[in-house]
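Geometric and topological summary
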Amino acid sequence: MIGKIRIFFAAVFFMAGFMSYGGENERQQTVGDGIKIGLSMDSLRVERWRKDRDIFMKRAKVLGAEVIVQHADGDARRQNEQAENMITQGVDVLVVIPKDGVAAAQIVEIAHKEGVKVLAYDRLIMKSDVDLYISFDNEQVGYLQAEYIARKIPKGNYFLLGGAPTDNNAHLLRKGQMRALQPLIDRGEIRVVAKQWAIDWDARDALKKTEQVLTRHDNRIDAVVASNDGTAGGVIQALDAQKLAGKVPVSGQDAEKAACQRILAGTQAMTVYKPIHLIAITAAEAAVALAKGDAIPQATQTVNNDKTEVPAILLTPIQVDKDNLDVVIDDGFHKREDIYKKK
Ligand code: GAL
C-alpha cells in the first residue's frame, strides 16, 4: 500500500514538473482536456497570419484543447457573426484578431454574457472589458521603423504610409514613428510632406497612394516610412515605375519572405521581425489558462483601450536589415534557400 502511494506521489510530481516547464510532452494532454477555443481572425491575406494560426493550433492541441478557427476575409460584421456563432458552439474562450478594433467590442460584450473570456491577439479590442491582450510592443515597432530610416536619411522629404485605420496597431505604429522623427522635424531637418493610411493594409492601396504622392511632389520624396511589408511592396512598385526603387529607403514589418528578398536586392531598407512562434505559443497557453479561470502571471503590464486598463503581455520586436537578416533564418522563420533564391 505504502509503495503504491509512493508511486502515486512520484507520478504526480513527475507530471507537475512537465507542466510547469511547459514541455511538449504527451503527458500535458491532460492540462486542457475538454477545453474548446474559438480563434476568430480578420483575414489570411497577409503572409504572417497563417503562421500565427498554425503555431497557435499546434500548441493548443499539445495542451489538449480543441480549436475552432474562422477568418472573416476582412469583413468586420462577418467576424462578429462568426464569433457569436462560436460562442453558440460552446467555446470556453475566444481569441480574436480584430479586423476593426472598435466593432469587435461587441464580441466581448456577447461573450461575457455567456461567461466566455476574450483574448485580443496582436491587435487590441477597443472600448471593451477584454480580458487579456497579447501583442508585440507596437509603438516600439513604429519607432524602430522610423529610427532606422532617419539614420539613413537625416534630412529631406518624408512620406508616412500607415496601416489600416481600423487597426489600433496602425495608430500605435504612427505614434512610435513620430517619437523617432519629431526631434528632426523640430530642427527643420525632416519635412513630412504626406501622411496616409492604407485601407485594410492593402498593397494596391499603398501603390495607388504612393503614386499620387509622387505625382503631387514631382517625385521629390527622399524616404518612405511604410508600416508593414505588404504595403512596402506597393510603395516599392510605385517607386520602381519612377526609377526610384533602391534610391528611396522604405521600411517594413513582418519579415515576409518577399520583403527579405527585397532587402537583399536593396529595394527595401529594413523590416521589423516579430517572432510569431512567441506570440502564438504564449497566446495558446494563456487561452487555456483563461478557460480554466487561472491567473496569467506573465501579464505584468496594462494597456488602455479607451475604457479600461487591459492586462497585457507585450513582446519585443527586432530591427532587421541586410546585415542581420540571418536572424530570421537562425530563428527558423524562413529557410535560407527561400530567401536567397532568385525570384
Ligand atoms: C497588424 C500587424 C502586422 C501586420 C498587419 C497586417 O495588425 O501587427 O504585423 O501583419 O496587421 O495584417
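The following paragraphs examine the structure supplied in this document.

Thresholds applied
- Residues numbered from 1 in each chain as written.
- Predicted model: local features only at pLDDT ≥ 70, side-chain atom pairs only at ≥ 80, totals over all residues.
- Heavy atoms only, no water.
- Helix = DSSP H or I, 4+ residues; strand = E, 2+ residues; numbered from the N terminus.
- Rg over C-alpha atoms; globule rule 2.2 N^0.38 Å.
- Buried < 20%, exposed > 50% of the residue type's maximum accessible area, 1.4 Å probe, protein only.
- Contact = heavy atoms within 4.5 Å.
- Areas by Shrake-Rupley, 256 points an atom, 1.4 Å probe, with all protein chains shown as cover.
- Lys, Arg positive; Asp, Glu negative; His and termini not counted.
- Charge placed at Lys NZ, Arg CZ, Asp CG, Glu CD.
- Axes fitted to C-alpha atoms, helices over the stretch in contact; angles between N-to-C directions.
- Parallel < 35°, antiparallel > 145°, perpendicular 65-115°, else oblique.
- Left-handed = near helix turned anticlockwise from the far one by under 90°.
- Nonpolar A, V, L, I, M, F, W, Y, C, P; charged D, E, K, R; others polar.
- Pairing = 2+ DSSP bridges.
- Right-handed = clockwise from strand over helix to strand, strands pointing away.
- Polar contact = N/O pair within 3.5 Å; in protein donor to acceptor, adjacent residues only side chain to side chain.
- Expected span 1.5 Å × (residues − 1).
- Salt bridge = Lys/Arg side-chain N within 4 Å of Asp/Glu carboxyl O.
- Near = heavy atom within 4 Å.

Within the chain, the regular secondary structure consists of twelve helices and twelve strands. Against the 2.2 N^0.38 benchmark of 20 Å for 343 residues, the chain shows a C-alpha radius of gyration of 22 Å, consistent with a compact globule. Along the first, second and third principal axes, the C-alpha atoms of the chain reach 85 × 40 × 35 Å. Considering the chain as a whole, with its 343 residues, one finds that 52% of them fall into the buried category. Restricting the contact set of the chain to residue pairs at least 6 apart, pairs at least 24 apart contribute 71%. Entry remark: accessible area of the chain is about 15,900 Å², with carbon and sulfur atoms responsible for 51%. Of the charged side chains in the chain, 46 are positive and 46 negative, and the gap between their average positions amounts to 3 Å.

The next subject is the packing of helix 7 (residues 203-216) against helix 8 (residues 229-241). Where helix 7 meets helix 8, the axes come as close as 7 Å, and the angle between the chain directions of the two elements is 40°. Compared by their axis directions, helix 7 and helix 8 come out oblique. Every pair of crossing elements has a handedness; the one defined by helix 7 and helix 8 is right-handed. Judged by residue contacts, A203, A206, L207, T210, E211 and L214 of helix 7 engage G230, T231, G234, V235, Q237, A238 and L239 from helix 8. Tallied by class, residues from the contact of helix 7 with helix 8 come to seven nonpolar, five polar and one charged.

Burial within strand 1 (residues 36-41) is extensive, with six of its six residues counted as buried. Relative to strand 2 (residues 66-71), strand 1 is paired through six bridges, and the arrangement is parallel. By the bridge assignment for strand 2, S40 is matched with Q70. Remark: the strand 1/helix 2 (residues 48-62)/strand 2 crossover connection has right-handed handedness.

On to the sheet that holds strand 1. With mixed pairing, the seven strands of this open sheet are ordered in space as 2-1-3-4-5-11-10. Of all strands in the sheet, those bounded by a partner on one side alone are strand 2 and strand 10 (301-304). For this sheet, the mean angle separating the axes of adjacent strands, direction not counted, is 25°. Taken together, the three bridges between strand 4 (residues 117-121) and strand 5 (residues 132-136) define a ladder with parallel strand orientation. When the bridges of strand 5 are listed, A120 appears paired with Y133.

If you trace the backbone, Q253 turns up in the loop between helix 8 and helix 9 (257-265). Assessed through its relative accessible area of 4%, Q253 is described here as buried. Polar side-chain contacts of Q253 include one of 2.7 Å to the backbone oxygen of S227. For Q253, the residues in contact, after removing those within four places along its chain, are N138, V141, Q145, L173, S227, N228, D229, T271, V272 and K274.

Here we take up helix 5 (residues 138-152). Helix length check: helix 5 (15 residues) gives 22 Å between terminal C-alpha atoms against 21 Å at 1.5 Å per residue, within 8%. Considered for burial, the residues of helix 5 that qualify are N138, V141, G142, L144, Q145, A146, Y148, I149 and A150. Where helix 5 starts, the residue carrying a side-chain oxygen 3.3 Å from the main-chain nitrogen of E139 turns out to be D137.

What follows concerns the pattern of salt bridges. Taken as a whole and assessed by the stated rule, the structure comprises 18 salt bridges. One salt bridge connects D167 with R123, and the closest N-O pair in it is separated by 2.9 Å. Of this pair, D167 sits in the loop between strand 6 (156-162) and helix 6 (168-186) while R123 sits in the loop between strand 4 and strand 5, placing them 44 residues apart in sequence. For the pair D167 and R123, one class covers both residues: buried.

On to the site of the ligand, then. Residues in contact with the ligand, as listed here, are V46, R48, W49, D122, R123, D167, N169, W201, N228, Q253, D254 and K274. Between an oxygen atom of the ligand and a side-chain N or O atom of W49, the distance comes to 2.8 Å. Within the side chain of R123, one N or O atom sits 2.7 Å away from an oxygen atom of the ligand. Coverage of the ligand by the protein amounts to 99% of the 300 Å² it exposes when considered alone. Split into classes, the residues belonging to the shell around the ligand amount to three nonpolar, three polar and six charged.

It is worth spelling out unusual backbone geometry at this point. Located in the positive-phi region is D73, a residue other than glycine, with phi close to 50°. A positive phi angle is found at D218, which is not glycine, with a value near 50°. Mapped onto the elements, D218 comes out in the loop between helix 7 and strand 8 (223-226). On the accessibility criterion, D218 (53% relative accessible area) is exposed.

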